[in-house]
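Analysis of the macromolecular model
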Amino acid sequence: MLDDNEKLYPPSDAFAAKAHADRATYDAMYQASIEDPEAFWAEHGKRIDWIKPYTRVKDTSFAPGNVSIKWYEDGTLNVAANCIDRHLETRGDQTAIIWEPDSPDDDALHITYRELHRNVCKFANVLKSMGVGKGDRVVLYMPMIPEAAYAMLASARIGAIHSIVFAGFSADALAARINGCDAKVVITADGAPRGGRITNLKDNVNKALLHDTDDVKCLIVRRTGQQIAFRSANDFWLHEEEEKVSADCPPEEMAAEDPLFILYTSGSTGQPKGVVHTTGGYLVFASMTQKYTFDYHDGDIFWCTADVGWVTGHSYIVYGPLANGATTLMFEGVPTYPDAGRFWAVCDKHKVNQFYTAPTAIRALMGQGNQFVEPYDLGSLKVLGTVGEPINPEAWNWYNDIVGKGRCPIVDTWWQTETGGHLLTPLPGATATKPGSATLPFFGVQPVILEPTTGAEIHETVAEGVLCIKDSWPAQMRTVWGDHERFEKTYFSDYKNYYFTGDGCRRDADGYYWITGRVDDVINVSGHRMGTAEVESALVAHPKVSESAVVGYPHAVKGQGIYAYVTLMGGEEPSEELRKELEVWVRGEIGPIAKPDLIQWAPGLPKTRSGKIMRRILRKIAENDYGALGDTSTLADPSVVDDLIENRMNR
Ligand code: 6R9
């Protein structure tokens, strides 16, 4: 194994000199943030505008049975006012959002802060006219169009709680999330163009709402102009409703701990959970990380390629950048349409300064060859970022050399839906990077590595184990929607008095953190989190399937692929048609991102005598590493393993 220290990429002196934080500043601020979190966050809480200033800063407990997280509790504010209104005087005519459509032949939009204000106020008044008020839930099922940002900010403006469902999820998954938070209104579009193809979003909403007995209303943005099926009196066109409302909508005064949004994410067991983020601490942390991690300066053009359906889109397309008065780019399309040069074409066209994407996209584009990068002028780029999964050094080096031309610091940001913003990340003017390491903690973050079985904290610098966080940070999730017990159980029960991330981690001699991947039954497919249990329950819902076990396996582009072992009902015969049928079935149950890459017919699954599926073994076989199966003596029927090895799909 390479010595980690051999591959240090320090920031240049010139970059460090102009950065918000050089190494000395980072060290001093980090130290201050850990020694006196109250004082540190009291000071940095002022980066956003408060209606009523807070007097209390931090009131948090990870204690078993009493997990409670509150920041800036007695302060009041409005997130939309922070993201829009407060900029009007100084930068009303500055572009807030650059929108780049799916097709490069269509015109991009430049929406100023003043226009954003008007659009969001109108949108907010439409929501009000549909009966939405403070605390009500609104589900968004949207393409990547400016109206998605308007809808988020309009909800925030009137104190409603939004829950965005990724537009790639199926009608069933959408229905579960609409019901899960008891939404009053679903906001969608007629269709979503992506990569030259159109998804009929409204059709999916109609299917999802068939499951519903009450009157969930639907607000529709006209994007494609295609024919759509209206449902009686509960469907409304945004453009028609906007004609009936004023452009004046005063922001609602919200308590710091009022929920801002719910975002469903996969866990290791059962149904996805509704991660709840609140108003004050979230905005402080999202905006502060956007500024420091990307070294964002006034006038820079910032592009995060995520979808607003994921937390990365929430914090780094909308809330973080707009709270900072930034120009944020929103891209409707995909990296490979019309060809694998699209990202670089857009960087060149809009003179992007900070570019933030996922390793899976980098790997896919790397595989297409440098000729897709070379035609474009990428001289505007200053900082490159990655998120979502570990980045392999080969992809890191390609990103660094071919995209960044060796000039741009790379920030490998480790964080989660639950953390609201970056927890481990280099700061581009401060941290010497190492390909594949998320390096060091952000201000106020205290990572620890625990011995997985005993839960003892490993104090030596060099350590390997599970990653936990010792104390709260302002954007920490507050609860699972409607199920605080599940919140405590998932994150605070395996290791008492710590927040458990679910990730394995190694710390090297320089104190740098290296994420080694999930230690639970969550897999990471193209940077998307998926519970293996969700895919399993989709499979067993098929009438011909009796049992299934799903594991991840290494995939060159996706990071991990989905490997499903399927046992059929008695009398059913495996066939290629059935394989296809199951693939289509899972797409329908969850969405295209959950489609198994490999399905192996399993006459039996390896189980302990108590009936527990031994996933360790299934993982090894899926990895084609069946020589290292370890102890199989506790299996009820060891012979099933031989069959699985013989018929393995990944060789
Ligand atoms: C923001 C986001 C969270 C999980 C997380 C970890 C993996 C994210 C990473 C990374 C290695 C990075 N992950 N960033 N692993 N290096 N820089 O992705 O949120 O969808 O909730 O996923 O993704 O396993 O636990 P989310």
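Nothing here was measured: the structure is a model prediction, and the numbers come from that model. (Residues numbered from 1 in each chain as written. Predicted model: local features only at pLDDT ≥ 70, side-chain atom pairs only at ≥ 80, totals over all residues. Heavy atoms only, no water.)

Moving on: the overall build of the chain. When helices and strands are counted, the chain shows 20 helices and 30 strands. Compactness check: the chain gives a C-alpha radius of gyration of 24 Å against a globular reference of 26 Å for 651 residues, within 12% of the reference. Dimensions of the chain along its principal axes, counting C-alpha atoms only, are 75 × 65 × 55 Å. Within the chain, the proportion of its 651 residues that are buried is 60%. Contacts in the chain between residues at least 24 apart in sequence constitute 71% of all its contacts with a sequence separation of at least 6. Surface summary for the chain: the accessible area is close to 24200 Å², and the carbon and sulfur share equals 49%. (Helix = DSSP H or I, 4+ residues; strand = E, 2+ residues; numbered from the N terminus. Rg over C-alpha atoms; globule rule 2.2 N^0.38 Å. Buried < 20%, exposed > 50% of the residue type's maximum accessible area, 1.4 Å probe, protein only. Contact = heavy atoms within 4.5 Å. Areas by Shrake-Rupley, 256 points an atom, 1.4 Å probe, with all protein chains shown as cover.)

The sheet built from 4 strands is open, its strands ordered β21-β22-β24-β25 with antiparallel pairing. Edge positions in the sheet fall to β21 (447-450) and β25 (513-518), since each of these pairs with one other strand and no more. Adjacent strand axes in the sheet meet at a mean angle of 45°, parallel and antiparallel pairs treated alike. In this sheet, strand β24 (residues 499-507) lies alongside strand β22 (residues 463-469) in antiparallel orientation, the contact comprising 6 bridges. Counterpart to Glu464 in the pairing with β24 is Arg506. (Pairing = 2+ DSSP bridges. Axes fitted to C-alpha atoms, helices over the stretch in contact; angles between N-to-C directions.)

In this model helix α18 (residues 576-589) runs 20 Å from its N-terminal to its C-terminal C-alpha over 14 residues, within 8% of the 20 Å that 1.5 Å per residue would give. Residues of α18 that are buried include every one of Leu578, Arg579, Leu582, Glu583 and Val586, and no others. Each buried residue of α18 sits inside an arc of 145° when the element is viewed along its axis, so together they form one side. Of the exposed residues in α18, the ones pointing more than 90 degrees away from its buried face are Glu577 and Val584. Where α18 is buried, its residues meet α17 (532-540), β28 (545-555), β29 (559-568) and β30 (598-601). In the segment just after α18, Gly591 is the residue with positive phi, at about 150°. (Expected span 1.5 Å × (residues − 1). Arc of directions from axis to C-beta.)

By the assigned domains, the chain splits into domain 1 (13-81 + 278-517), domain 2 (113-255) and domain 3 (526-647). Between domain 1 and domain 2, roughly 2600 Å² of surface is buried when both sides are summed, and carbon and sulfur atoms account for 65% of that area. For domain 1, the biggest contributors to the area lost against domain 2 are Met330, Glu332 and Trp481; these three give 25% of the whole. Our count for the domain 1 to domain 2 interface comes out at 1 salt bridge. The partner of Arg223 in a salt bridge is Glu332, with the nearest N and O atoms 2.7 Å apart. Taken together, the links from domain 1 to domain 2 amount to 8 residue pairs in polar contact (both at pLDDT 80 or more). Looking at the side of domain 1 that touches domain 2, the elements that each hand over two or more residues are β3 (76-77), α4 (79-83), α12 (311-323) and β17 (327-331). In terms of residue class, the side of domain 1 that touches domain 2 is made up of 19 nonpolar, 8 polar and 3 charged. (Domains from an automatic or database assignment. Buried area = accessible area lost by both parts, 1.4 Å probe. Salt bridge = Lys/Arg side-chain N within 4 Å of Asp/Glu carboxyl O. Polar contact = N/O pair within 3.5 Å; in protein donor to acceptor, adjacent residues only side chain to side chain. Nonpolar A, V, L, I, M, F, W, Y, C, P; charged D, E, K, R; others polar.)

What follows is about the packing of helix α19 (residues 615-622) against helix α20 (residues 639-646). Direction vectors running N to C along α19 and α20 enclose 25°, while the axes themselves pass 10 Å from each other. Classed by the angle they form, the pair α19 and α20 counts as roughly parallel. Crossing geometry of α19 relative to α20 is assigned as right-handed. Contact with α19, carried on its side by Ile617, Leu618 and Ile621, involves Val641, Leu644 and Ile645 of α20 and no other residues of that element. (Parallel < 35°, antiparallel > 145°, perpendicular 65-115°, else oblique. Left-handed = near helix turned anticlockwise from the far one by under 90°.)

Moving on to the pairing of strand β7 (residues 161-164). With burial as the criterion, each face of β7 is covered, one bearing Ile161 and Ser163 and the other bearing His162 and Ile164. Of the pairings in the sheet, the one linking strand β6 (residues 137-141) to β7 comprises 4 bridges and is parallel in character. Bridged to Val139 within β7 is Ser163. Regarding the hand of the β-α-β motif, the stretch spanning β6, helix α7 (residues 146-158) and β7 is right-handed. Direction of pairing for β7 relative to strand β14 (residues 259-265): parallel, over a ladder of 2 bridges. Bridge assignment links His162 to a residue of β14, and that residue is Phe261. (Right-handed = clockwise from strand over helix to strand, strands pointing away.)

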